[in-house]
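Listed here are the chains, written in short residue letters.
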Amino acid sequence: RVKHGIALRVIRSREKDFGSVYPSGQDLREMRHAPAGMVFPITTYVYDNKVVILSSKKETFGLLIESEDITKAHRNYFDALWRISG
């Protein structure tokens, strides 16, 4: 990703954070914390026209959705959350 100049934006839950795993600005990565009380038990990636949803290690499953409409919706959700995260 870094080698190809692909930037990454990450929103983490403060409650689940355990230090500066992703120092903001390094490796083309910018990280923010979600508002207090927002805990994310899954990981979601949005790229191209795909959404990848990965469950917790306890549940161990993944889902890849290839859809322009679903990707657009998830980008909008992410952008809205990004704006209110610090």
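Quick caveat: nothing in here was measured; it's all calculated off a predicted structure. (Residues numbered from 1 in each chain as written. Predicted model: local features only at pLDDT ≥ 70, side-chain atom pairs only at ≥ 80, totals over all residues. Heavy atoms only, no water.)

Peer 1: Give me the lowdown on unusual backbone geometry, citing residues and values where you can.
Peer 2: Residue Leu28 is not a glycine yet carries a positive backbone phi of 55 degrees. Mapped onto the fold, Leu28 is located in the loop between strand 1 (8-12) and strand 2 (29-33). The backbone of Asp48 sits at a positive phi, close to 45 degrees, despite the residue not being glycine. (Helix = DSSP H or I, 4+ residues; strand = E, 2+ residues; numbered from the N terminus.)

Peer 1: Break down the packing of aromatic side chains for me, with residues and values.
Peer 2: If you walk through the whole model with that rule in mind, you get 1 aromatic pair. Plain terms: the ring middles of Phe78 and Trp82 are 5.7 Å apart, the flat faces sit at 25 degrees to each other, and that makes the pair stacked. Taken as a pair, Phe78 and Trp82 lie in helix 1 (residues 68-84) at a separation of 4 residues, close to a single helical turn. By relative accessible area, which is 7% here, Trp82 ends up buried. Across the ring face of Trp82, the terminal group of Arg9 is positioned such that the distance to the ring centre comes to 4.9 Å. (Phe/Tyr/Trp six-rings, centres within 6.5 Å; stacked < 30°, edge-to-face > 60°. Buried < 20%, exposed > 50% of the residue type's maximum accessible area, 1.4 Å probe, protein only. Lys NZ or Arg CZ within 6 Å of the ring centre and 35° of its normal.)

Peer 1: Break down the environment of Asp69 for me, with residues and values.
Peer 2: Examined against the element boundaries, Asp69 turns out to sit in helix 1. Residue Asp69 is classed as exposed on the basis of its relative accessible area, which comes to 64%. Sequence separation between Asp69 and Asn49 is 20 residues, and the spatial gap between their C-alpha atoms is 8.3 Å.

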